[in-house]
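Chain residues, written in single-letter form:
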Amino acid sequence: MAEEKVESNRTNAFVVSARKRTIQNVVKRAGESVLFAIASFVAVIVLFIFYFVARDAIPFFQIRGFTEFFTSSNWYPADDPGQFGALAIMYGSLMVTIGSAMIAVPMGVAAAICLSDILPFSIRQYAKPIIEMLAAIPSVAFGFFALVVLAPLMQDKGGPMLMWAWWILVSPFLLLAVIVVSDLLTAAIKDEKRRQQLHILLLIVFGLFSVLLLYKVGTVLYGVQILTGTNALNVSIILSFMALPTIVSVSEDALQAVGRDLREGSYALGATRAETIIKTVLPAASSGILAAVILGIMRALGETMVVWMASGNSSHIPEPWFNYLEAIRTLTATIAGDMGEADQVTGSARFHVLFAMGLLLLLISFISNLVSERIVIRQRKILSGQ
Amino acid sequence: MNIGTRKILDRSFTAVGIGSIIVMAIALMIVVVPIVSNGIGAVFFTGTIEHRKLLRDEFKRGNSENLDSEVASSERYRAKVYDMLTGFEAELETMAPEKKTQYKGKYSQVRTALQALLGPLPGDQMPMLTRFKYGQTRWEKAEEKLHDLLYESKWDNSNTEVMSREYFVSRAKSFEGTSLAPLFPYLSHNVEKMLLPEFTVYWGFITDSSVDSHFFGGIWPEIQGTFFLAMGAMLFAFPLGVVAAVYFTEYAKPGFLNSMLRSANSTLAGVPSIVFGMFGLAFFINTLKVSPSKSVIAGALTLAIMILPTIIRAAEEAILAVPKTYREASLSLGSTKWNTIATVILPAALPGILTGGVISLGRAAGETAPIIFTAAVSVGSAIGLADVLSSPTPALSWNIYNLASEHEAAAQIRHVQYGMVLALVSIVLLLNLSAIVLRARISKKLKG
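Just so you know, these numbers come straight off a predicted model, no measurement behind them. Within each chain, residue numbers correspond to sequence positions counted from 1 in written order. Each chain is given a letter, starting from A, and each ligand a number, starting from 1, according to the order in which they appear as written. With the structure being a predicted model, the display of local features is reserved for residues of pLDDT at least 70 and the display and counting of side-chain atom pairs for 80 or more, all residues being used for whole-chain, interface and lining totals. Just so you know, side-chain values use all the structure's heavy atoms and leave hydrogens and water out.

Asks: Explain the confidence of the model for chain A to me, please; I cannot follow it from the model alone.
Replies: Close reading of the predicted structure is inappropriate where its pLDDT is low. The predictor attaches a confidence to each residue, called pLDDT, with possible values from 0 through 100. Averaged over all residues, the pLDDT of chain A equals 87, while 94% of them reach at least 70. Here, two residues are considered to be in contact whenever any of their heavy atoms come within 4.5 Å of each other. Residue range residues 1-8 of chain A is modelled with pLDDT below 50. Its contacts to residues more than four positions away, or to other chains, number zero contacts.

Asks: Teacher, can you tell me more about the domain arrangement of chain B here?
Replies: How large an interface is tends to be reported as the accessible area lost when its parts come together. Note: domain ranges come from an automatic or database domain assignment. Domain boundaries assigned for chain B yield domain 1 (48-200) and domain 2 (220-447). Here the C-alpha centre of domain 2 of chain B lies 50 Å away from the C-alpha centre of domain 1 of chain B.

Asks: Help me understand a nonpolar patch on the surface, please; the structure alone is not making it clear to me.
Replies: Residues and elements named next belong to chain B. Exposure above 30% relative accessible area and the absence of a salt bridge qualify a residue for a patch, where like charges join within 9 Å and nonpolar side chains (Val, Leu, Ile, Met, Phe, Trp, Tyr) within 5 Å. Method for areas: the Shrake-Rupley scheme with a 1.4 Å probe, in which residue coverage is limited to the protein chains shown. By definition, a salt bridge exists where a carboxyl oxygen of Asp or Glu is found within 4 Å of a side-chain nitrogen of Lys or Arg. Where nonpolar side chains cluster on the molecular surface, the patch consists of V36, I40, F44, F199, V201, W203 and I206 and spans about 640 Å² of accessible area. Secondary structure elements are defined from DSSP: runs of H or I of at least 4 residues count as helices, runs of E of at least 2 residues count as strands, and each element is numbered from the N terminus. Of all the elements in the fold, those that place two or more residues in the nonpolar patch are α1 (3-40) and β4 (198-201). Of note, F199 is situated in strand β4.

Asks: What should I look at first to understand the interface of chain A and chain B in this one?
Replies: Chain A puts 85 residues into the contact, and the matching count from chain B is 85 residues. Buried area: the accessible surface (1.4 Å probe) lost by two parts on joining, summed over both. Counting the surface lost from both chain A and chain B, the interface buries some 7300 Å², and carbon and sulfur atoms represent 80% of this. The three residues of chain A that bury the most area against chain B are A:L35, A:V42 and A:F144, which together make up 8% of that side's buried surface. Linking chain A to chain B there are two salt bridges. The salt bridge partner of A:E275 is B:R6, with a shortest N-O separation of 2.9 Å. For this analysis, a polar contact is any N or O atom pair within 3.5 Å, provided that within protein one partner can donate a hydrogen and the other can accept it, and provided that sequence-adjacent residues contribute only side-chain to side-chain pairs. In this structure, the connection of chain A to chain B is made through eleven residue pairs in polar contact (both at pLDDT 80 or more). Per element, the largest residue contribution to the side of chain A that touches chain B is 15 residues, and it comes from helix α7 (residues 139-186) of chain A. In this count, Pro and Cys sit with the nonpolar residues alongside Ala, Val, Leu, Ile, Met, Phe, Trp and Tyr, while Asp, Glu, Lys and Arg are called charged and the others, Gly among them, polar. Split into classes, the residues belonging to the side of chain A that touches chain B amount to 63 nonpolar, twelve polar and ten charged.

Asks: What's the story with the nonpolar core in this structure? I'm lost.
Replies: One finds A:I49, A:F69, A:M339, A:F355 and A:M357 to be the most contacted residues of the largest nonpolar core, which totals 197 residues. Element by element, the count of residues in this core is highest for helix α13 (residues 296-320) of chain B, at 15 residues. Once residues lying within four places of it in the same chain are set aside, the contact partners of A:F69 are A:F60, A:F61, A:F84, A:G85, A:A86, A:L87, A:M90, A:V353, A:A356 and A:M357. Throughout this description, the term nonpolar core refers to a set of buried Ala, Val, Leu, Ile, Met, Phe, Trp, Tyr and Cys residues connected via side-chain atoms within 4.5 Å. Only protein chains enter the accessibility calculation, which uses a 1.4 Å probe. A residue is then buried if its area is under 20% of the maximum for its type, exposed if over 50%, and partly exposed in between.

Asks: Before we go on, may I ask you to explain the packing of α7(A) against α1(B) in this structure?
Replies: The description of two helices packed together rests on the angle between their axes and the distance between the axes. To get an axis, fit a line to the C-alpha atoms, keeping to the stretch in contact for a helix; angles then go from 0 to 180 degrees between the N-to-C directions. Between α7(A) and α1(B), the shortest axis-to-axis distance is 13 Å and the interhelical angle comes to 175 degrees. If you check the angle between α7(A) and α1(B), you find them roughly antiparallel. Every residue of α1(B) that contacts α7(A) at A:A141, A:F142, A:F145, A:F173, A:L176, A:I179, A:V180 and A:D183 is listed here: B:T5, B:I8, B:L9, B:S12, B:V16, B:I30, B:V31, B:P34 and B:I35. Within the contact of α7(A) with α1(B), the residues separate by chemical class into 14 nonpolar, two polar and one charged. If an angle is under 35 degrees, it is roughly parallel; if it is over 145, roughly antiparallel; if it lies from 65 to 115, roughly perpendicular; otherwise it is oblique.

Asks: Please explain the packing of aromatic side chains as it appears in this structure.
Replies: We describe a pair of aromatic rings using the distance from one ring centre to the other and the angle between the two ring planes. Pairs were defined over the aromatic rings of Phe, Tyr and Trp, the Trp ring being its six-membered one, requiring ring centres within 6.5 Å. Orientation was assigned from the angle between planes: stacked under 30 degrees, edge-to-face over 60, tilted for the rest. For the structure on display, the rule yields 35 aromatic pairs over all chains. Each member of the aromatic cluster is reached from another via a ring pair, and the members are A:F60, A:F61, A:F66, A:F69, A:F70, A:W75 and A:F84. The lysine or arginine in question, B:K337, covers the ring of B:Y251, its NZ or CZ lying 4.5 Å from the ring centre. Any Lys NZ or Arg CZ that is within 6 Å of a ring centre and within 35 degrees of that ring's normal is treated as a charge sitting over the ring.

Asks: Is there a simple way to explain the side chain of A:R263 in this structure?
Replies: All names here are of chain A. Secondary-structure assignment places R263 in helix α10 (residues 260-268). Within the structure, the side chain of R263 is placed 2.8 Å from the backbone oxygen of V258, a separation counted as a polar contact. Other than its neighbours up to four places away in sequence, R263 contacts S116, D117, L255, V258, T276 and V281.

Asks: Where do I start with a negative patch on the surface in this structure?
Replies: Residues and elements named next belong to chain B. In this tally Asp and Glu are treated as negative and Lys and Arg as positive; neither His nor the chain ends contributes. One atom stands in for each charge, and that atom is NZ of Lys, CZ of Arg, CG of Asp or CD of Glu. Taken together, E143, E144, D148, E166 and E192 make up a surface patch of like negative charges. Residue contributions to the negative patch peak at three residues, all from helix α6 (residues 139-150). Its location among the elements puts E144 in helix α6.

Asks: Would you take a moment to explain empty space enclosed by the protein for this structure?
Replies: Where empty space is left in the structure can be found by rolling a water-sized probe over the atoms. Residue and element names in this part refer to chain B. Cavities and pockets are defined on a 1 Å grid built over the protein atoms alone: a cavity is a set of grid points where a 1.4 Å probe fits but cannot escape, while a pocket is an open set with protein on both sides within 12 Å along at least five of seven lines, and lining residues are those with an atom within 4 Å of any such point. Grid points are joined across faces, edges and corners, and a volume is the space filled by probe spheres set on the points. Scanning the model with the defined rule gives three cavities of 30 Å³ or more in all. Taken together, 13 residues make up the lining of the largest cavity; nearest its centre are R138, Y202, F216, G217 and H415. Only α2 (49-59), β6 (216-217) and α18 (414-447) provide two or more residues apiece to the lining of the largest cavity. Looking at the lining of the largest cavity, its residues break down into eight nonpolar, four polar and one charged.

Asks: In this structure, what is going on with helix α3 (residues 41-64) of chain A? I would like to understand it.
Replies: Given 3.6 residues per helical turn, the α-helix brings residues three or four places apart onto the same face. Residues and elements named next belong to chain A. Helix length check: α3 (24 residues) gives 35 Å between terminal C-alpha atoms against 34 Å at 1.5 Å per residue, within 8%. Taken as a whole, α3 carries its principal kink of about 30 degrees at R55; the proline P59 stands between one and four residues after it. With its phi angle positive at about 75 degrees, G65 sits one or two positions after the end of α3. For a helix, the expected span equals 1.5 Å multiplied by the number of residues minus one. Bending is quantified residue by residue as the angle between axes fitted to the seven-residue window ending at that residue and the seven-residue window starting at it.

Asks: Can you help me understand unusual backbone geometry in this one?
Replies: Residues apart from glycine generally show negative phi values, whereas peptide bonds are mostly found in trans. The peptide bond linking A:E319 to A:P320 adopts the cis configuration, its omega dihedral lying at -20 degrees. Here the phi dihedral of B:L196 falls at roughly 45 degrees; this positive angle occurs in a residue that is not glycine. Note that B:L196 resides in the loop between α8 (183-195) and β4. Of the residues examined, B:L196 reaches a relative accessible area of 22% and is grouped as partly exposed. Positive phi values are uncommon outside glycine, yet B:S213 reaches one of about 35 degrees.

Printed below as a string of structure tokens:
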């Protein structure tokens, strides 16, 4: 009897009445929906950003149409009537983006390979903070450096700087190319002794030729006079260092995602480490690296302070079109620079054109983000499928 | 390819990778070293007597009696200069007319240079702007001004092929034969006695307000503005970000809605910073009207939106890194899901979440573009905590841009600019460094 009573008491303690259960459920649901509301706040903000930027951008196209904005390079917004041709400005943005990508992509991918496959863990620990510090330095500090240190240096010693950069950067690769080419050309010869003689001959001939090339181009570069230190090259260099951390960390993730088995298979077939990486790991990680490149490029395209301070802010397409030593102007710098004056005349085309530029930037970043996200998801699927 | 070439290729491949990391390290050094070495000069420098006068007049600081005796001794040496000036002015009156006009122009150049070096000369009207009330406060600038005084700079345009070159002509020579000629050797011998340079440590650079738009004084209003903006952004973004991360990791079910939210998060992370600024202007100021024009609160809200994705990602990672066993142990003890999250998972993930928070704080402090239209002004005094809802503030990041690119005498106040950049960079790097240390400790702890 007594035992039974205790048991019933126990079960009572654990049985929850129907009413209490409903309350619990309601509270749980309410809590979850509050959490959901807060989490979806981000989506709401994204929608708001699109709406509010578009709301102020559309009037511009209503007033002025599309043709002038995209095809003319006459940018005189303060005139009456103003001219709003943004072609040169868009071209400037494109120029610094491509310029910085040309520096940052090879360096970033090489560094990522080095971090994921080559360096031992103990050294990697010290290399990673370097990249993090580079990412942490505020853009305005980079801009200040570009304006106050790099620009005067380029103006005074531009020619010698270009020459040394050419020598230091190109000579190792040229040397390598000479070795590889002379090896490949002599590979077909059967007789070992003749082959070696020819190999050495080719090495000397190509070597002399490349030294001549280095010297000739070097002297041409030495004579170059950079008229303004605030130019597209300056900005491209600085932007590439700002894009590097993104490229390195995202492509390192992509490289790590390629499993050990692929690498070991390649090693087992007798490939060297370089061959394994180039022929096996990189193709497998290529889409992830592409995503990294897209993200890095976006960083350069959306950067404001560096280009505002150090690009020269001159709205024209350089002559010839690939001349990186001329001053240029970008979308971001135009928005930052002109808003202060245009804000006082809210409602005018001068104000709305800046929002049109902002919308353009926003759309480009949105699309490239979506693309890179898709790419990463696809890579993950493919790799897990294998 | 023969095996030797393959080996060389393999080695050089390694070298390229290591080389690019070394280049990055060098780039970091090249950027940071001039900022640090020049930035320190804003606090530690060789100050002249003019600097000490300035501190006494503008900030009521320094030993007044000592200074008076110093001023007296410097005035003794300056008096002779002034005598020579009056002597020459008298001589000028006796000169032949064409000679007089020729010397008059040169003499006024000397006077201007002398004013720049020593401050207003006797008989001058007291200037309105503080920057003209004092001579050179820093010794290295005084040396430059002395050079301007001793040598006239001219430009050589004779060769049109190359850029024109600057060259210097001694003023002592052009005044040869007049009573002003001895002034120049006298100045170059006695300038130290007139300006009394001594090593100065000026902590006021960090704690003082600026005098006459950053010609003198410190950067306290900017530091405070940066602090308000960054902390305000954290105040909004941190709780929101952590809660959103809890939802994403614990409650969200895979599906269309969830992937939409994640896409939105990465989209927000990729929006260019200047677009945040435009959005802040169009939404917070023009539409919501949180304040009539630029204000700290509008800037902080804009920055909060900008750092939100970073915080969410960091918090998610930290929560996912909590070992599954913790959660299971808690659930097996009969606690509810919410209880488990609040008492087990969040405390375990807290260091990781804080790391993300600290890094975002650094990012909010360093960003410029979002606050250009929403919060930053170029000149202004430090604002009180009560004013954050209505008034804009100077901030380090914006004022670096402003002083370097838009200030009317940007080249003359390089030391202030470098000092500001150093202050900003050290705030941001210290925050990041502490995050790195924090993370290292966590990974050690998780390893056991």
